[in-house]
Amino acid sequence: MLKVIIVEPNKMPYVGEIGDGLYCMRKIVGGYIECVNLGIGLTLVCNEEGKLNGLPPNRIVGGDVIAGTFFLTKRDANTGDFVDLSELEIEMLMGDFCEFVIGR
């Protein structure tokens with residue numbers, strides 16, 4: 001299980017635990033996954049075809065609108081595997097992503 005932050009459209013982000021397999025990740029985002037590097041090992045995992053499939057806009061990240069539900073996680077620098085977010089990272093990211101609710 002991975003400790004991640006799940007961000008749904010027009011909702012406040014929340015901490016959740018998901019399985020670390022592809023099926024579990026696809027279930028959260030509702031389709032094929034796309035990984036967006038946010039720097040310092042942080043990764044945003046979203047639906048690769050979110051905009052094409054007409055998913056609702058969620059947050060603006062790096063000047064681009066992310067459509068549909070996504071989650072935030074971290075990658076191990078040595079293996080590239082997804083790993084749990086630390087409590088400090090969770091605190092930092094929760095604050096950052098609370099401020100970007102589209103339509104509020």
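Note: the structure precedes this text.
So, here's what we can say about the structure. (Residues numbered from 1 in each chain as written. Predicted model: local features only at pLDDT ≥ 70, side-chain atom pairs only at ≥ 80, totals over all residues. Heavy atoms only, no water.)

1. Side note on the overall build of the protein
Argument step 1. Along its length, the protein carries two helices and eight strands.
Argument step 2. Against the 2.2 N^0.38 benchmark of 13 Å for 104 residues, the protein shows a C-alpha radius of gyration of 13 Å, consistent with a compact globule.
Argument step 3. Each of the three principal axes of the protein carries a C-alpha extent, and together these read 35 × 30 × 20 Å.
Argument step 4. By residue count, 38% of the 104 residues in the protein fall in the buried class.
Argument step 5. Within the protein, residue pairs in contact and separated by at least 24 positions form 50% of the contacts whose partners lie at least 6 positions apart.
Argument step 6. Surface exposure of the protein reaches about 5900 Å², of which carbon and sulfur atoms provide 54%. (Helix = DSSP H or I, 4+ residues; strand = E, 2+ residues; numbered from the N terminus. Rg over C-alpha atoms; globule rule 2.2 N^0.38 Å. Buried < 20%, exposed > 50% of the residue type's maximum accessible area, 1.4 Å probe, protein only. Contact = heavy atoms within 4.5 Å. Areas by Shrake-Rupley, 256 points an atom, 1.4 Å probe, with all protein chains shown as cover.)

2. Overview of the nonpolar core
Argument step 1. Core analysis: the biggest nonpolar cluster contains 13 residues, and I5, L44, F70, L72 and L93 have the highest contact counts within it.
Argument step 2. When residues of this core are traced back to their parent elements, those giving at least two are strand 1 (2-7), strand 4 (42-47), strand 7 (70-75) and helix 2 (87-98). (Core = buried A, V, L, I, M, F, W, Y, C linked by side-chain atoms within 4.5 Å.)

3. Remarks on unusual backbone geometry
Argument step 1. Look at N10: it is not a glycine, yet its phi comes out positive at around 55°.
Argument step 2. By the element assignment, N10 lies in the loop between strand 1 and strand 2 (14-18).
Argument step 3. Its identity as a non-glycine residue notwithstanding, I40 has a phi of 40°, on the positive side.

Note that all results are geometric; they support no functional claim without further evidence.
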